[in-house]
Amino acid sequence: MLLQALVLGALVLAMVWLVANVQSNLERQNINSGFGFLSERAGFGINQTLIDYSEDSSFARVLTVGLLNTLLVSVLGIILATILGFALGVARLSSNWLVNKTAMVYVEIFRNVPLLLQIMFWYFGVLRNLPSPRQAVSLGDAVFLSNRGIVVPALEMTAAAWWYGAALAASGAIYVWLRRRARLSRLADGSLISIWRPFAMIALASLAFAAMMGGVPFSFDIPALKGFNFRGGITVIPEFVALLLALSLYTAAFIAEIVRAGIQSVSKGQREAASALGLPDNTALRLVVIPQALRVIIPPLTSQYLNLTKNSSLAVAIAYPDIVSVFAGTTLTQVGQAVEIIFITMMIYLTLSLLTSFAMNRYNARIALVGQKS
Amino acid sequence: MQIKRLVFGALASLLLAFAPLSVGAAGNTLDVVMKRGYVQCGVSQGLPGFSNPDDKGNWTGIDVDFCKAVAAAIFGDAAKVKFTPLSAKERFTAIQSGEVDIIARNTTWSMHRDTALGVDFRAVNYYDGQGFMVRADLGVTSSTELDGATLCTNQGTTTELNAADYFRANNMQYEIVAFEKADEAVAAYNSGRCDAYTTDHSALYAQRLKLTDPQAHIVLPEIISKEPLGPAVRQGDNVWGDIIAWVHYATVAAEELGVTSKNIGSMGNSTNPSIKRLLGKDGTFGANLGIPADWAFQAVKQVGNYGEIFERNVGINTPLGIKRGYNALWTDGGLQYAPPIR
């Protein structure tokens, strides 16, 4: 106990010394310090902002814009990688030779080529083959594909949107009720009731009702070519597409292996027992194998989610305005305060990672075997 | 790669944290350099004409020659210099933390950098300004026609701010795509991601050479900013700063006096008092700087005067083909002017 206290004390002292030392060094070398710069005017433009931003915004705003861009690509990347990874993992175990080998080739290619090269490939490889805005590929003169990205009409909600919101909420409530009824009947006498057909009918009916009451719930801001570029609509920039593709495809290869290992860890007897009970193959996979496999899958899957988020910082190579690019990059050179900016950036990545871990650990605890909970 | 940058940033921060153990007092760069035996010079990661490795891996360019001249002045040997390639955003941390003795990295001298980053700019070895390069078939002849254009540029430079100011001042819209490295920015411009590539005029000419078909691209005539590029040192080391400034002035003074690397050897008996002072035959200028008396002689003999350095690296007979312009001597209507060596 005393020893531990001593070590802790020494650690704290070392930290204090380090901080004081940095401060005195910065002062001696006449380098600005402190966090006052965050409220200063940024003065530069950013080409993808999820919130209002202009050159007059502050560096704190730059930080928020960059963080949101990082979150956008990370969250979408995690969703895509998970879906693709699970599909590939199951395919790897398929008895169909072609499906099995295709999944294997995919995994071996994507996890063995460095991610940065994959990002560069998707960015430059695809960009080079796209036409200029004046020769853009258009879909009904509303969606345009060019080397400036994909421009789609922007959706603007009208008052009628409320009717649709209400219809969706009602359908959701009915779905929950249907599920509960099906579950009760299964527990009561083992009869399986399909809930999809009644649900689909009710959902369609409520949407039709909303359409009758409100009419068209939105209007479009249709993009058009003006001068060099498209004006109006929403532009999905090529940097985002390339980064999202590269991150999802790369991480999916790792997730596929994790899923395969998880499924194989469930003993063969479980599947045979399910089969003996008369459960169809798909149902057995969904209700018997996957829930048990998840316990093995979740912890390494969490690591992959963390990796994907951190790997998104490679964005800077292809000019995607993530937090490392606009904050630890442009802001750092405009302001010059490396210590503070790198510190803030590291803290943000740490917080993101800890939050992800926390959520995944909660989920893991919920699905763990009751006897194994501690 | 980005991870490397982060690690670099973190390490540089740590270096600052432990600075009393490594950099020591800020006032003795010359002693450190003397003891080490060579000058550590921070340059760009590859900009033809300024600092660029040739096909044999030797660094060449105006900024490289400047560091060589410093080495010649201190050691009497222009080869006693090592080069550290730095990205735009690494450069100030590298000089602050003592990793390099000097950055000669086509770096713009601005008030913020001079006063808030712990660095001192002491000379201007190239007067530059920001401009735009576009594809010739775009039909644009002036940067005032760029309303709505997408611009590719390098991140972490004054360029992003200048472009923002210029487009706002002219009430034009723009979209900026900022890359970490110039190579990727040019590649993206080349593949059509952007309508224009914007950076310093000299760099536009240099990067144009790297494009698949340089003739298909034109550099627009407008210059939208002042970009005095020059070497920078750590703030607070005046002795070292003086050496940097006067090595540059010596090359300019040599050109003013008609002294070149070829004829300097035969100038030993010159009776011109200015030349005698430049050659170290008269006065104690070397001793005042703490370096050998023949400092300027060695710098000019081994590297050349300012005009020679300019013409060799970026001049009209090089692939870049840049005219002297602002960088001509003041006597020829340019801005290069050396205070008197006396």
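Residues numbered from 1 in each chain as written. Chains lettered and ligands numbered in written order. Predicted model: local features only at pLDDT ≥ 70, side-chain atom pairs only at ≥ 80, totals over all residues.

## A few points about the interface of chain B and chain A
- Contacts between chain B and chain A engage 44 residues on the former and 44 residues on the latter.
- For the side of chain B that touches chain A, the secondary structure elements donating two or more residues are helix H1 (2–17), helix H5 (91–96), strand E9 (149–154), helix H7 (158–169), strand E10 (174–179) and helix H8 (182–190) of chain B.
- The element that contributes the greatest number of residues to the side of chain B that touches chain A is H1 of chain B, accounting for seven residues.
- Considered class by class, the residues forming the side of chain B that touches chain A number 20 nonpolar, 14 polar and ten charged. (Contact = placed C-beta atoms within 7 Å. Helix = DSSP H or I, 4+ residues; strand = E, 2+ residues; numbered from the N terminus. Nonpolar A, V, L, I, M, F, W, Y, C, P; charged D, E, K, R; others polar.)

## As for helix H7 (residues 238–265) of chain A
- For H7 of chain A, which comprises 28 residues, the first-to-last C-alpha distance of 40 Å matches the rise-based estimate of 40 Å (1.5 Å per residue) to within 8%.
- Counting buried positions along H7 of chain A yields 22 of 28 residues, so the element is predominantly enclosed. (Expected span 1.5 Å × (residues − 1). Buried ≥ 20, exposed ≤ 12 C-beta atoms within 10 Å, placed from the backbone.)

## Observations regarding the sheet that holds strand E12 (residues 217–219) of chain B
Residues and elements named next belong to chain B.
- Ordered by their spatial adjacency, five strands build an open sheet running E10-E9-E11-E8-E12, and the pairing between neighbours is mixed. Where the open sheet ends on each side, the last strands, each with one partner, are E10 and E12. Between one strand axis and the next, the sheet turns through 30° on average, direction left out of account.
- Bridging between E9 and strand E11 (residues 196–200) involves two bridges; their strand directions are parallel. When the bridges of E11 are listed, Leu151 appears paired with Ala196. (Pairing = 2+ DSSP bridges. Axes fitted to C-alpha atoms, helices over the stretch in contact; angles between N-to-C directions.)

## Considerations on the domain arrangement of chain B
- You can read the domains of chain B as domain 1 (2–127 + 229–332) and domain 2 (130–225).
- Counting residues at the interface gives 15 residues for domain 1 of chain B and 14 residues for domain 2 of chain B. (Domains from an automatic or database assignment.)

## Considering the domain arrangement of chain A
- The domains assigned to chain A are domain 1 (39–153 + 222–369) and domain 2 (163–214).
- Averaged C-alpha coordinates put domain 1 of chain A and domain 2 of chain A at centres separated by 32 Å.

## Observations concerning the sheet that holds strand E8 (residues 234–236) of chain A
Residues and elements named next belong to chain A.
- The strand order across the open sheet built from four strands is E1-E2-E3-E8, with neighbouring strands paired in antiparallel fashion. The outermost strands of the open sheet, each flanked by one partner alone, are strand E1 (137–139) and E8. Within this sheet the neighbouring strands show an average axis-to-axis angle of 15°, counted without direction.
- Two elements, strand E3 (residues 149–152) and E8, share three bridges in a ladder whose sense is antiparallel. Among the inter-strand pairings, Val152 is bridged to a residue of E8, identified as Ile234.

## Here's the deal with the nonpolar core
- Membership of the largest hydrophobic core comes to 168 residues, with the highest contact counts inside it found for Leu243 of chain A together with Cys67, Val70, Ala73, Ile102, Ala250 and Ala299 of chain B.
- Ranked by the residues each element gives to this core, the list is headed by H7 of chain A, at 16 residues.
- With residues near it in sequence (within four places) discarded, Leu243 of chain A still touches Val73, Ile119, Ser312, Ala315, Ile318 and Tyr320 of chain A.
- Ala136, Ile150, Val151 and Phe230 of chain A belong to the second largest nonpolar core, which has five residues in total. (Core = buried A, V, L, I, M, F, W, Y, C linked by C-beta atoms within 7 Å.)

## Overview of the pairing of E9 of chain B
Residue and element names in this part refer to chain B.
- For E9, the buried fraction is high: six of the six residues fall into the buried class.
- The side-chain alternation of E9 yields two buried faces, one formed by Ala149, Leu151 and Thr153 and the other by Thr150, Cys152 and Asn154.
- The pairing of E9 with E10 spans six bridges and is parallel. When the sheet's bridge partners are listed, Thr153 is paired in E10 with Ala178.
- The parallel pair E9 and E10 is bridged by H7, and the resulting crossover is right-handed. (Right-handed = clockwise from strand over helix to strand, strands pointing away.)

## Points about unusual backbone geometry
Residues and elements named next belong to chain B.
- One non-glycine residue with positive phi stands out, namely Asn106, at about 30°.
- Following the sequence through the fold, Asn106 ends up in the loop between strand E5 (102–103) and helix H6 (111–116).
- With a phi angle near 55°, Asn171 is a residue other than glycine that sits in the positive phi range.
- Mapped onto the elements, Asn171 comes out in the loop between H7 and E10.

## A look at the packing of helix H10 (residues 323–335) of chain A against helix H11 (residues 338–367) of chain A
Residue and element names in this part refer to chain A.
- Here H10 crosses H11 at 165°, and the two axes come no closer than 9 Å. In terms of orientation, H10 lies roughly antiparallel with respect to H11. The two elements H10 and H11 cross, and the hand of that crossing is right-handed. On H11, the residues that touch Ile323, Val324, Phe327, Ala328, Thr331, Leu332 and Val335 of H10 are Ala338, Ile341, Ile342, Thr345 and Ile348.
- Classifying every residue of the contact of H10 with H11 by side-chain character gives ten nonpolar, two polar and no charged. (Parallel < 35°, antiparallel > 145°, perpendicular 65-115°, else oblique. Left-handed = near helix turned anticlockwise from the far one by under 90°.)

## So, the confidence of the model for chain B
All names here are of chain B.
- Overall, the predicted model of chain B reaches an average pLDDT of 89, with 92% of residues at or above 70.
- Confidence scores differ between elements of chain B, with helix H2 (residues 19–22) showing the lowest mean pLDDT of 44 and helix H4 (residues 62–75) the highest of 97.
- Under a pLDDT of 50 for its full length, residues 19–25 has, in the predicted model, four contacts with residues more than four places off or in other chains.
- Predicted complex, confidence summary: ipTM 0.76, pTM 0.80. (pLDDT = per-residue confidence, 0-100.)

## Considering the environment of Ser265 of chain A
Residues and elements named next belong to chain A.
- Along the chain, the position of Ser265 falls in helix H7.
- Taking the C-alpha atoms as reference points, Ser265 and Leu355, separated by 90 residues in sequence, lie 28 Å from one another.
- Sequence-distant contacts of Ser265, that is, excluding residues within four places in its chain, are made with Ala293 and Val296.

## Overview of helix H4 (residues 115–128) of chain A
- Across its 14 residues, H4 of chain A extends 20 Å between first and last C-alpha, which sits within 8% of the 20 Å expected from 1.5 Å per residue.
- Against the buried residues of H4 of chain A lie H7 of chain A.

## Brief notes about the pairing of strand E2 (residues 143–146) of chain A
Residue and element names in this part refer to chain A.
- Burial along E2 is one-sided: the residues Phe144 and Ser146 are buried and none of Val143 and Leu145 is.
- Bridge analysis of E1 against E2 gives three bridges, and the strand direction is antiparallel. By the bridge assignment for E2, Val137 is matched with Leu145.
- Counting the residues that bridge the hairpin from E1 to E2 gives three residues, and of these Gly140 lies at a positive phi of roughly 60°.
- Both E2 and E3 contribute to a ladder of three bridges, which runs antiparallel. Within E3, the position partnered with Leu145 by the bridge is Ile150.
- Between E2 and E3, which follow one another and run antiparallel, lie two residues.

## Considering the packing of H4 of chain B against helix H10 (residues 238–256) of chain B
Residue and element names in this part refer to chain B.
- Between H4 and H10, the shortest axis-to-axis distance is 10 Å and the interhelical angle comes to 105°. Taken together, H4 and H10 sit at an angle that is classed as roughly perpendicular. From H4, Phe66, Ala69, Val70 and Ala73 reach across to H10, where they touch Ile243, Ile244, Val247, His248 and Thr251.

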